[in-house]
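# Notes for the structure review
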Amino acid sequence: MFYAIMGTDREDSLEARLQARPEHLARIKQLQNEGRLLLAGPHPAVDSDDPGPAGFSGSLIVAEFASLDEAKAWADEDPYTVTGVFAQISVKPFKKVLP
C-alpha cells in the first residue's frame, strides 16, 4: 500500500536541510530504484519554484511500504528527521485514484 509521509520543517531549517539533502535524496532514490516511489518533493515556503532564502516549509513523499509501521519507521530514520529539519512528521495511508 502507498503511504503519504508529510514532514513539516522547523523554523530556519534551510541550512540544516541543505546539509542533510544528499543523504535524504539517496534514500528516496533507493525507493525509486525499488519501484516503490510514487512522488516526492518539498513545499516551498513562498509561491516560487526557487524560494531562495525563504527555504521550505516541509516535504511530501508518497511511497509503497508493507505496513504503516514500516512507513513510520522509514520516516523516523530519514536524515531530515534525524537532523531536526522536520519538527513534525505525519504518516498516513494513501490511495491513488487519479491519474
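Here the residue numbering is sequential within each chain, running from 1 through the sequence in written order. Only residues with pLDDT of at least 70 are given local features in this predicted model, and only at 80 or more are side-chain atom pairs given and counted; all residues enter the totals for whole chains, interfaces and linings. Side-chain figures throughout are based on the complete set of non-hydrogen atoms in the structure, without hydrogens or water.

### Section: the pattern of salt bridges
Applied cut-off: We define a salt bridge as a contact between a side-chain nitrogen of Lys or Arg and a carboxyl oxygen of Asp or Glu at a distance within 4 Å. Burial classes: relative accessible area under 20% of the type maximum marks a residue as buried, over 50% as exposed, and values in between as partly exposed (1.4 Å probe, protein chains only). Secondary structure is summarised from DSSP: a helix means a run of H or I of at least four residues, a strand means a run of E of at least two, and numbering begins at the N terminus for each.
This structure, assessed with the given rule, holds 4 salt bridges. For D9, the salt bridge identified is with R17, shortest N-O distance 2.8 Å. Exposure class is identical for D9 and R17. Each is buried. Between D78 and R27 there is a salt bridge; the shortest N-O distance is 3.3 Å. With a gap of 51 residues between them, D78 in the loop between α2 (68-76) and α3 (79-82) and R27 in helix α1 (residues 14-33) connect regions that are remote in the sequence. Residue classification places D78 among the buried positions, given a relative accessible area of 1%. Taken together, the shared-partner salt bridges connect E34, R36 and E70 into one network.

### With respect to the nonpolar core
What counts is decided by this rule: The criterion is simple. A nonpolar core is a set of buried Ala, Val, Leu, Ile, Met, Phe, Trp, Tyr and Cys residues joined through side-chain atoms within 4.5 Å. In what follows, residue pairs with any heavy atoms lying within 4.5 Å of each other are defined as contacts.
By size, the foremost hydrophobic cluster in this structure holds 11 residues: Y3, I5, I28, L31, I61, A63, F65, A71, W74, A75 and V91. Contributing elements (two or more residues each) for this core: β1 (2-9), α1, β3 (56-64) and α2. Here this core gets 3 residues from one element, more than from any other, and that element is α2. Every residue in contact with A75, bar those within four places of it in the chain, is listed here: I5, T81, I89 and V91.

### Considering the environment of L25
One can find L25 in helix α1. Residue classification places L25 among the partly exposed positions, given a relative accessible area of 27%. Spatially, the C-alpha atoms of L25 and A40 are 9.7 Å apart, while their sequence positions differ by 15 residues.

### Some points on the sheet that holds β1
The cut-off we apply is this: Here, strands pair whenever DSSP counts at least two bridges between them. Helix axes use the C-alpha atoms of the stretch in contact, all axes being lines fitted to C-alpha atoms, and the angles between their N-to-C directions lie in the range 0 to 180 degrees.
Strand order in this open sheet of 4 strands is β2-β3-β1-β4, and the pairing throughout is antiparallel. Each end of this open sheet is capped by a strand with a single partner; those strands are β2 (37-44) and β4 (86-94). Ignoring which end each strand starts from, the neighbouring axes of this sheet average 10 degrees apart. In this structure, β2 lies alongside β3, joined through 7 bridges in antiparallel fashion. Residue A40 lies in a different strand from β3, and its bridge partner there is I61. Its contacts with the sheet put α2 on β1, β3 and β4, and the angle it makes with β4 is roughly 155 degrees.

### Comments concerning the pairing of β3
Of the pairings in the sheet, the one linking β1 to β3 comprises 7 bridges and is antiparallel in character. Across the sheet, M6 pairs through a bridge with L60, a residue of β3.

### Observations concerning the side chain of R36
Note the cut-off: Under the rule applied, a polar contact is a pair of N or O atoms within 3.5 Å (in protein, one hydrogen donor and one hydrogen acceptor; residues adjacent in sequence only if both atoms are side-chain atoms).
Positionally, R36 belongs in the loop between α1 and β2. For R36, the side chain forms a polar contact with the side chain of E34, separated by 2.6 Å.

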